[in-house]
Amino acid sequence: MVKVKNPWHRPVVIFLAAVIIVGIIIMVAISVIQNKPLHQKCKYGIVLDAGSSHTSVFIYEWPAEKENNTGMVRQKHTCNVQGKGISSYSANPQGAGASLQLCMEEAKQKIPAHRHPETPVYLGATAGMRLLRMENEEASDKVLDSVAHSLKSYPFSYQGARIISGQEEGAFGWITVNYLSKNLRKPTGTLGALDLGGASTQITFVPQQNIESYDNSIDFRLYGNDYHLYTHSFLCYGKDQALKLSMGKKLESTLKADKTDPIELRDPCFHPGYNFTRTVPNVFNTPCMREMKLANETFFHVGLGNWSQCQQSIRKVFNTIDCPYSRCSFNGVFQPSVYGDFGAFSAFFFVMDFLNLTSDTLATTKQKLAAYCSTPWKKIVENHPNIKEKYLSEYCFSATYILTLLEDGYKFTSNSWKDIRFIMKIGDSDAGWTLGYMLNLTNMIPAEAPDTPLMPYEGYVTFMFLFSLLILVLLLLVYFYFRRSTRTAQKDII
Ligand SMILES: O=c1[nH]cnc2c1ncn2[C@@H]1O[C@H](COP(=O)(O)OP(=O)(O)O)[C@@H](O)[C@H]1O
Ligand SMILES: [Ca+2]
């Protein structure tokens, strides 16, 4: 009997199989490396939010290759500038620029040095500077010159320092929340934006009704979709200016009713037992109100802690009678019915979060707030020893103002109240106008949708891996089948 065997057969098959396996491994490795998102290659941008009460510096970061994809920019760092807002430096403009130094030095540390020259820096000032410009344009120009001069002294790419309009503030806040929620490339609805500052407040949303006033309408084409937005910014209706408006009205009626000395302003929006000596100019030092000349300049601000009376007094700062359109919010400003979900951020969040009122029904919110406002001031201070007294004393007013603004002003109902989400951040990033402002100025939101790869990166890697595994298994099956049939043939021959 002769045993037929090809001595070359086995090593050749093994060699071929090894070459194929190594080839597949190399192919997968190359494709993984080739397509790996380059995490280390990030770009940066800096936006300074020069608000009426304070300035914050925001540093944003995004992967260099993916700048046109929605949701790719994230907030890397924030720095709160010490002291008050830049508009408080009207008598000492140099101080405004100097106040930014610590945070700008921090930005130099946070951003890799080789990226400094290409990192854009923008400063946008909001309602505090709008008011200063109304009052004293020369002073407001000097403050802007001072911050511009300061920002130019850093190694970044200075792109300007300006007062943004209320419309921009509203629209960019809307872009921010919808960019971060990744709503912009989907057919699903968008999120309206409610921003409450110290000196102004903004409402922005996609309405169902026609926009009757040109000033309140803004159009965007983003990622191939058209958005027709309603937006309005109420100057003087941020919570600090609204407090002045409301106190000013009460002070005027107190003086009409009773000219006794000392003047006592009995205020239902402050806690019982609260008693603070203030000066009249401290209330009236704003272009939001007619000046009131008074011989006696100090008064006692005395708390009563009565929520429903507080709401009555706040209602007086909204004119809901005159309306030249089919419907208005207040002060003769056109507003379509609120529609869809809303993100309420900035002071809307700070106040409602402090009072634990971010997830109740409207009726429960009112009940809880009434109980809070009637709590004695002494007890409030005892319960919150570490909170700044100015903030603490004003939470009853601020929350009552928020409820009145949303319900009587914007016409939210107990039903649509459920559509308001009080938010501070979405993911890592703060809700606010700054991110939208930067995305717009760096052209990071294209009008048309950019070409997208066939499948996302993770899907691509998984696909390549499974496909290679399949080929390998098939090859092994062929090999074993081939080996078995060769052996069978050999046996048959034997
Ligand atoms: O922790 C907090 N508790 C209560 N209010 C806060 C807190 N942090 C900031 N605020 C308030 O948020 C508001 C922010 O307004 P901002 O300075 O942005 O003014 P603007 O947007 O009108 O220019 C101010 O009224 C400020 O007092
Ligand atoms: Ca603000």
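Computed from a predicted model, the values in this text were never measured in an experiment.

Calculation rules
- Note that residues are indexed from 1 along each chain, following the sequence as it is written.
- Each chain takes a letter, starting from A, and each ligand takes a number, starting from 1, following the order in which they are written.
- In keeping with the predicted nature of the model, local features appear solely for residues at pLDDT of at least 70, side-chain atom pairs appear and are counted solely at 80 or more, and the whole-chain, interface and lining totals rest on all residues.
- We call two strands paired when DSSP finds no fewer than two bridges between them.
- Put simply, DSSP marks the helices as runs of H or I at least four residues long and the strands as runs of E at least two long, and each gets a number from the N terminus on.
- Here the axes come from fitting lines to C-alpha atoms, over the contacting stretch only for helices, and the angles between their N-to-C directions go from 0 to 180 degrees.
- Under the definition applied here, buried Ala, Val, Leu, Ile, Met, Phe, Trp, Tyr and Cys residues are grouped into a nonpolar core through C-beta atoms within 7 Å.
- Working definition of burial: number of other C-beta atoms within 10 Å of the residue's own, with buried at 20 or more, exposed at 12 or fewer, and partly exposed in between, all C-beta atoms being placed from the backbone.
- Residue ranges for the domains originate in an automatic or database domain assignment.
- What counts as a contact is two residues whose backbone-derived C-beta atoms lie within 7 Å of each other.
- What makes a residue near a molecule or strand is its C-beta atom, placed from the backbone, lying within 6 Å of it.
- The nonpolar class holds Ala, Val, Leu, Ile, Met, Phe, Trp, Tyr, Cys and Pro. Asp, Glu, Lys and Arg form the charged class, and all remaining residues, Gly among them, are polar.
- UniProt positions are given in the numbering used here, feature names are shortened, and annotations may be inferred rather than shown by experiment.
- pLDDT gives the predictor's per-residue confidence on a scale running from 0 to 100.

**Q** Go over the sheet that holds strand S11 (residues 275-279), please, and point to the residues and values.
**A** Strands sit in the order S10-S12-S11 across an open sheet of three strands; the sheet is mixed. Looking at strand neighbours, the two that pair on one side only are strand S10 (263-267) and S11, the edges of this open sheet. Taking the axes of each pair of neighbouring strands and ignoring which way they run, one obtains an average angle of 30° across the sheet. Across five bridges, S10 lies against strand S12 (residues 298-303) in parallel orientation. From the neighbouring strand, aspartate 267 faces S12, where its bridge partner is glycine 303.

**Q** Before we move on, could you go through the nonpolar core and cite the residues and values that matter?
**A** Val57, Val147, Phe348 and Ile402 are the most contacted members of the largest nonpolar core, which totals 103 residues. Ranked by residue count, the leading element in this core is helix H13 (residues 389-409), at nine residues. Residue-level mapping places this core at the junction of two domains, with at least three residues from each of domain 2 (39-163) and domain 3 (187-432). Contact partners of valine 147, with chain neighbours within four places excluded, come to Ile86, Ala96, Gly97, Leu100, Leu123 and Ala161.

**Q** Residues and numbers for the site of ligand 1, please.
**A** Close to ligand 1 lie 20 residues; Gly51, Ser53, Thr126, Gly197 and Gly198 are nearest. Listing elements by their share of the shell around ligand 1, those giving two or more residues are helix H4 (127-135), helix H7 (239-257) and helix H10 (347-354). Top contributing element to the shell around ligand 1 by residue count: H10, with three residues. A breakdown of the residues in the shell around ligand 1 according to their chemical character gives six nonpolar, 12 polar and two charged. Per-domain counts for the shell around ligand 1 show at least three residues from each of domain 2 (39-163) and domain 3 (187-432).

**Q** Describe helix H14 (residues 433-441), and please don't skip the residues or the numbers.
**A** When you tally the buried positions in H14, you get seven out of nine residues, the bulk of the element. Restricting attention to buried positions, one finds in H14 the residues Trp433, Thr434, Leu435, Gly436, Tyr437, Met438 and Leu439. Among the structural elements, strand S1 (42-50), strand S2 (55-63), strand S4 (120-125), helix H6 (166-180) and strand S16 (429-430) are those in contact with the buried residues of H14.

**Q** Mind laying out unusual backbone geometry, listing which residues take part and the relevant values?
**A** Despite not being glycine, serine 346 shows a phi value in the positive range, around 55°. In the Ramachandran plot, lysine 411 falls in the positive-phi region, its phi being about 70° despite a non-glycine side chain. Mapped onto the elements, lysine 411 comes out in the loop between H13 and strand S14 (420-422). Its 17 C-beta neighbours within 10 Å are what place lysine 411 among the partly exposed residues.

**Q** Can you break down the UniProt feature "transmembrane region" (unreviewed entry) in the protein residue by residue, with the values?
**A** In this structure's numbering, the residues bearing the UniProt feature "transmembrane region" (unreviewed entry) are residues 12-33 and 460-482. Counting secondary structure, residues 460-482 comes out at 100% helix and 0% strand; the distance between its end C-alpha atoms is 33 Å.

**Q** Please provide a residue-by-residue account of the confidence of the model for the protein, values included.
**A** When pLDDT is averaged along the protein, the result is 91, and 91% of the positions lie at 70 or above. The complex model carries a pTM of 0.86, and its ipTM stands at 0.99.

**Q** Please give an account of the UniProt feature "active site" (unreviewed entry) in the protein that cites residues and values.
**A** In the numbering used here, UniProt assigns the feature "active site" (unreviewed entry) to Glu169. As for its placement among the helices and strands, glutamate 169 is situated in helix H6. Taking the number of C-beta atoms within 10 Å as the measure of exposure, glutamate 169 has 29 and is therefore buried.

**Q** Help me get a handle on the sheet that holds S2, residues and values and all.
**A** With mixed pairing, five strands are arranged side by side in an open sheet as S3-S2-S1-S4-S5. A single partner strand is all that each edge strand has here, and the edge strands are strand S3 (74-80) and strand S5 (157-163). Sheet twist, expressed as the average angle between the axes of neighbouring strands with direction ignored, equals 15°. Looking at chain direction, S4 and S5 are connected through five bridges and run parallel. Within the sheet, the bridge partner assigned to leucine 123 lies in S5 and is alanine 161. Against the sheet, H14 engages S1, S2, S4 and S5, with an angle of about 125° to S1.

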